[in-house]
Amino acid sequence: TFCKRVRANDRDYNEKFQYASNCIMTSKYNIITFLAVNLFEQFQEVANTYFLFLLILQLIPQISSLSWFTTIVPLVLVLSITAVKDATDDYFRHKSDNQVNNRQSQVLIGGILQKEKWMNVRVGDIIKLENNQFVAADLLLLSSSEPHGLCYIETAELDGETNMKVRQSLSVTSELGDPNNLAQFDGEVVCEPPNNKLDRFCGTLYWKDCKYPLSNQNMLLRGCVLRNTESCYGLVIFAGPDTKLMQNSGRTKFKRTSIDRLMNTLVLWIFGFLVCMGVILAIGNAVWEKEVGALFQSFLPWDPPVDNFLFSAFLSFWSYVIILNTVVPISLYVSVEVIRLGHSYFINWDRRMFCSRSNTAAEARTTTLNEELGQVEYIFSDKTGTLTQNIMTFNKCSINGHTYGEEQHMARVQALDFSAWNPLAARDFCFYDQSLLDAVMEGEPAVHEFFRVLSLCHTVMSEEKSEGELLYKAQSPDEGALVTAARNFGFVFRSRTPGTVTTQELGKAVTYTLLAILDFNNIRKRMSVIVRNPEGRIRLYCKGADTVLFERLHSCNHELMNVTSDHLNEYAGDGLRTLAVAYRDLSEEQWEEWSEHFRGADKATDCRDDRLAAAYEEIEQDMMLLGATAIEDKLQEGVPETIAILSLANIKIWVLTGDKQETAVNIGYSCKMLTDDMTEIFIVNGHTVQSVREELRYNGDVCPSKCPPPQAPPPSLLESISGEFALIISGHSLAHALEADMEREFLETACACRAVICCRVTPLQKALVVELVKRHKKAVTLAIGDGANDVSMIKTAHIGVGISGQEGIQAVLASDYSFSQFRFLQRLLLVHGRWSYLRMCRFLCYFFYKNFAFTMVHFWFGFFCGFSAQTVYDQYFITLYNIVYTSLPVLAMGIFDQDVPEQRSLEYPKLYEPGQLNLLFNKREFFICIAQGIYTSVVLFFIPYGVLSHATQSNGVPLADYQTFAVTTATALVIVVSVQIALDTGYWTAINHFFIWGSLGTYFTILFAMHSSILFNIFPKQFHFLGSAHNTLGQPVVWLTIALATVICIAPVLAFRFLKLDLKPQLSDTKKRKPGASGSTLGRLGRGGSRRSGYAFAHQEGFGELITSGKNMRLSSLALATFASRHSSSWIDTLQKVILNSFNISQYTVFTFFYELNESFFI
């Protein structure tokens, strides 16, 4: 249903419909709304609301035994730190938005082209685009500087393909190239509403009482880049969030880690535990008041409004809720954010993730997901620009049974110098095998004919700006590489017209008559040209997939075909993209007869494509084999090694690409995801629901075992990859496989395979695949890509990684982490991710331990103080315990701790598995920490209580007073938790030493200061315990009590860890100090064996017909044509990043005692 109306050059008319502006906004706040919105968001957190509730309770004097500042100070601190972090994140979002929104466009206003920012472009505006500019909005192409209203675009940001595509304006508007004519254009477009379908557009143009149908071929979509076209004009149809690019971007989701979700559950459990303790103590208060307190009513009556023991118990309940609330201190959330911020800076400062070539450092764009990097099980990767550089190079070839190019891998071999004898040679072309150049110079006929095919059989356009300066404009990088190879070996393609091709062969200009182009398509997997040379001989030249072309060879080629097949298998084993090359001589009679059939098929009104295919098939027979080409689609540096190492870490990698199946499979072999040793590679290519279901079921039956259900523990790596299977599925099949009744079957089959490659998928399908795994596998997912077509899956995955590559910055802007090379992913996960998970888990275990040890003393004390809600410690100690006395040591451990050096993390990927299995912090580990904390509290209360009850000073005065007990218990607590964190620390730095021992020193300094006469004289009502610290800590029995309590608390921990290390050591224990350089556990990646075809050709149907029609040519003479466009060498500059100093935290000398403890037996 058409429901959108757009009138050209009429803003007033279009504004009536309130269409979206072209402004992109990913930020959440502005200066006015920040405070209110941010506080609203923060108080949606259960913990913050809980602490606000406690603050309100503390303001009620009848139930509060603590001052209000014990809660409001940490609460304000938490809210402030979180607000600053949120404001910083949003500032960078504003900055990114402004960078995009402030790009310049030329808008036609009042008949004059004016420069406008992208955000000021409106629906109905006519804008001018120039070569190599990004398209600002979804445009209807009106006219172009090229003939017949043609223009060329690159759609890498939309579908990941870098091969050029053609768009054409309506003939009725193609002549409106002048701004004055366009200013008078008042056509109205009625079209479909905004949607996410990249390959479809339906609409109608109404102009001058006529209507013209519109299709996707008339549209330029936002995110595309104008290529090889000097300029064009377009009418804005969709703007901003309505564009197809933004419709495919997916909704930004708030991402939380699994540890965050677990903590929320644990906090609710702890709150329930807190309520239970409050109820127990309230019941105790009721019993005590009724049985004992009633005896004191005459001289110690209840305070108003208490008038009975039940109401006293009710108030006592709330009092204990306030006192015991420190089991979940608010400082926990502050510390978590500080630790995550530190981990993010370590990622930003890591010099080993810095790319000097692009001057780009790794960037943690969020601070909330670092520990999740240590738990990833599935990686979903784009192909083009992520795994590959999208640079094609001519590496090897086989000509007449001889293979060339073997020597290029030898380090000492120099690249051939072509410029000495060929002034038209491309300077950036590299080839190393001198024997091929010698064969050309010696005039070997097969070699000459081979390169003649490459110089003639293509759809490349050539532009010659000045004499000898050639610029090739290829529809695909494959064709560009082949034509450039022929150019350097002396067969230079110079120019073409609709009926001729002009080359320069070894310095001699030769013009061939172009009789026919038999165009390429994905079914034929080949293309041919029929040409007449200057001597009048007619010859058909063909290149294509060896599996297709070999079937059409003359029988006399059998021996040569076998030799060439061996070469092709070798090339394919090296991961190269291969094509076979052949020719056929045609007599004049054969040509005339076939030409008649061809013209009849071309003019057919029904089944035209089938008739043309039959005509092509008729002439492409009995060909003579010349050889084969091998092109390398250059992988990014270190991709095969990275994939292999991540696989050893039990991480599954799925490739989701918009590219064609042959290309994706070929890259799969290059990356070593696919190998010749695999039992079977399943290909799902059905077009109907039934055919897809049958193929999935067949593949599922072949697989020996399906993946385990989500609740079952994941198997080890060797078990999970025992069946060497791979699954390759196309986009149209995936659309059916993702339906509700089939998605589980698809997922089970995919999980049983070692490698999964999804080809020809849309951006939205990428997101749906990620969502499917998230929903059913309950595993942490990571999506990595470099283009706008990857944004939706980056946003959907638990973790999104953007590659700052050649496809713009959309993926980086939507990502959580970004860097410039895929190989950095192994360091991000195996080093930073694993460490972040380890540190966060150790931090949380210790934090819950120390707070239960601190808080539960109040619970035990309640049974000895008449359940009166009296605190053991003074209120200043309660306030400072989590903020000053114990905060910095646990932060140092949470930020700097390591179990093994980074080299060991990379050498032994198995060390990554504990994070995937969530072994270091789970409900079981939580209860162990709580049990240890409760045990410590029992010791810290009853040992001092038992000793001091009967102890006396040297002068005979009893020590059994409240002040002495409070100081003794508090001092013992601080010492015990300090010793415990010293034992928990696995990697000592000067900062750890300073914080741990400095915190102890700070405690004693503040303790003596608060009990000094100076503060008592200034604030006599606030500091009651004058001299208590001096008197208490001056007694030897007190220190003996503290020492005894410390030993009883720590000794079981030491015994348990000794036994655990001896009986059940972890992998990290065995690899911590392994002597000598072990080298990587990753073996050398060997070359695969034989494979039938390495065919991959990123080409699109339709260019042959375009060339022979002449529509894409501007004729400058009868013989030659140049394809005029202004050349620009690069994309619009991507976002530049400020590179900080390298991250290098030194390990300092450690006290011998703790060093030996950690090296020997502590985890």
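All values derive from a computational prediction rather than experimental measurement.

Running from amino to carboxyl end, helix α33 (residues 962-984) crosses helix α37 (residues 1036-1063) at an angle of 30°, the nearest separation of the two axes being 9 Å. Between α33 and α37, the interaxial angle falls into the category roughly parallel. Every pair of crossing elements has a handedness; the one defined by α33 and α37 is right-handed. Two secondary-structure elements touch here, α33 through Thr 968, Thr 971, Ala 972, Ile 975, Val 976, Val 979, Gln 980, Leu 983 and Asp 984 and α37 through Val 1038, Trp 1039, Thr 1041, Ile 1042, Ala 1045, Thr 1046, Cys 1049, Ile 1050, Val 1053, Leu 1054 and Arg 1057. Its residues assigned to classes, the contact of α33 with α37 comprises 13 nonpolar, five polar and two charged.

Let us look at the UniProt feature "binding site: Mg(2+)" (unreviewed entry) in the chain. Mapped onto this numbering, the UniProt entry annotates "binding site: Mg(2+)" (unreviewed entry) at Asp 382, Thr 384, Asp 786 and Asp 790. Judged by maximum C-alpha separation, these annotated positions cover 409 residues in sequence but sit close together in space, the widest gap being only 10.7 Å. Side chain to side chain, Asp 786 and Thr 386 meet in a polar contact 3.4 Å long. Take Asp 790: it is sitting in the loop between β31 (780-785) and α25 (791-796). If we ignore the near neighbours within four places in the chain, the residues touching Asp 790 are Asp 382, Lys 766 and Gly 785.

Here we take up the packing of aromatic side chains. One pass over the structure, following the stated rule, counts 61 aromatic pairs. Here the aromatic rings of Phe 864 and Phe 942 are separated by 6.1 Å at their centres, their planes lie at 70°, and the arrangement is edge-to-face. One end of the pair, Phe 864, is in the loop between α27 (824-862) and α28 (875-885); the other, Phe 942, is in helix α32 (residues 923-948), and 78 residues separate them in sequence. Judged by relative accessible area, which is 35%, Phe 942 ranks as partly exposed. Against the face of Phe 134 rests Arg 103, its NZ or CZ located 4.9 Å from the ring centre.

As enumerated under the stated definition, the model contains 43 salt bridges in all. The salt bridge involving Arg 552 is made with Glu 551; its shortest N-O contact spans 3.4 Å. Judged by its relative accessible area of 11%, Arg 552 falls in the buried class. Exposure remark for Glu 551: the relative accessible area of 61% places this residue in the exposed category. Through salt bridges that share partners, Arg 524, Arg 526, Glu 551, Arg 552, Glu 617 and Glu 620 make up one connected network.

Quick look at the environment of Ala 425 now. Mapped onto the elements of the fold, Ala 425 is located in the loop between β17 (402-404) and α11 (434-441). With a relative accessible area of 14%, Ala 425 lands in the buried category. For Ala 425 and Phe 489, which are 64 residues apart along the polypeptide, the C-alpha to C-alpha distance reads 7.9 Å. Once residues within four sequence positions are removed from consideration, Ala 425 is found in contact with Phe 418, Ser 419, Arg 487 and Asn 488.

Next up on the list: the sheet that holds strand β29 (residues 725-730). The sheet built from nine strands is open, its strands ordered β14-β33-β32-β31-β15-β27-β30-β29-β28 with mixed pairing. For this open sheet the edge positions go to β14 (363-364) and β28 (680-684), each flanked by a neighbour on one side alone. Relative to strand β33 (residues 817-819), strand β32 (residues 799-803) runs parallel, the two sharing three bridges. Bridge assignment links Gly 802 to a residue of β33, and that residue is Ser 818. Across the sheet, helix α19 (residues 661-670) lies against β28, β29 and β30 (755-759), angled at about 155° from β30, the strand it touches most.

Because an α-helix completes one turn every 3.6 residues, residues spaced three or four positions apart along the sequence face the same direction. The buried fraction of helix α18 (residues 639-648) is high, at eight of ten residues. All of the buried residues in α18 are Val 639, Pro 640, Thr 642, Ile 643, Ala 644, Ile 645, Leu 646 and Ser 647.

Here the focus is the environment of Phe 431. When you line up the elements, Phe 431 lands in the loop between β17 and α11. With a relative accessible area of 1%, Phe 431 lands in the buried category. Each C-alpha atom, one on Phe 431 and one on Phe 418, is 9.4 Å from the other, the two residues being 13 residues apart in sequence. If near-sequence neighbours (up to four positions away) are discounted, Phe 431 is found in contact with Phe 394, Asn 395, Lys 396, Tyr 404, Gly 405, Ala 415, Leu 416, Phe 418, Leu 436 and Phe 489.

The topology assignment puts Glu 371 in the loop between β14 and β15 (376-381). On the basis of relative accessible area, Glu 371 is assigned to the buried category, the value being 0%. Ignoring anything within four residues of it in the chain, the contact list for Glu 371 reads Thr 257, Ile 259, Arg 340, Gly 833, Ser 836, Tyr 837 and Met 840.

Our next topic: the pairing of strand β26 (residues 624-635). A large share of β26 lies buried, amounting to nine of its twelve residues. Alignment of strand β16 (residues 388-399) against β26, held across eight bridges, turns out to be antiparallel. Note that in β26 the partner of Lys 396 across the bridge is Ala 630. Note: strand β25 (residues 577-586) against β26, seven bridges, orientation antiparallel. Bridge assignment links Ala 580 to a residue of β26, and that residue is Ala 628.

So, about the sheet that holds strand β12 (residues 225-227). The sheet built from three strands is open, its strands ordered β7-β6-β12 with antiparallel pairing. Each edge of the open sheet carries a strand with a single partner, namely β7 (165-168) and β12. Pairwise comparison of adjacent strand axes, ignoring direction, gives a mean angle of 45° for this sheet. The pairing of strand β6 (residues 150-154) with β7 spans four bridges and is classified as antiparallel.

How each quantity is defined
Residues numbered from 1 in each chain as written. Predicted model: local features only at pLDDT ≥ 70, side-chain atom pairs only at ≥ 80, totals over all residues. Heavy atoms only, no water. Axes fitted to C-alpha atoms, helices over the stretch in contact; angles between N-to-C directions. Helix = DSSP H or I, 4+ residues; strand = E, 2+ residues; numbered from the N terminus. Parallel < 35°, antiparallel > 145°, perpendicular 65-115°, else oblique. Left-handed = near helix turned anticlockwise from the far one by under 90°. Contact = heavy atoms within 4.5 Å. Nonpolar A, V, L, I, M, F, W, Y, C, P; charged D, E, K, R; others polar. UniProt positions renumbered as here; feature names shortened; annotations may be inferred. Polar contact = N/O pair within 3.5 Å; in protein donor to acceptor, adjacent residues only side chain to side chain. Phe/Tyr/Trp six-rings, centres within 6.5 Å; stacked < 30°, edge-to-face > 60°. Buried < 20%, exposed > 50% of the residue type's maximum accessible area, 1.4 Å probe, protein only. Lys NZ or Arg CZ within 6 Å of the ring centre and 35° of its normal. Salt bridge = Lys/Arg side-chain N within 4 Å of Asp/Glu carboxyl O. Pairing = 2+ DSSP bridges.

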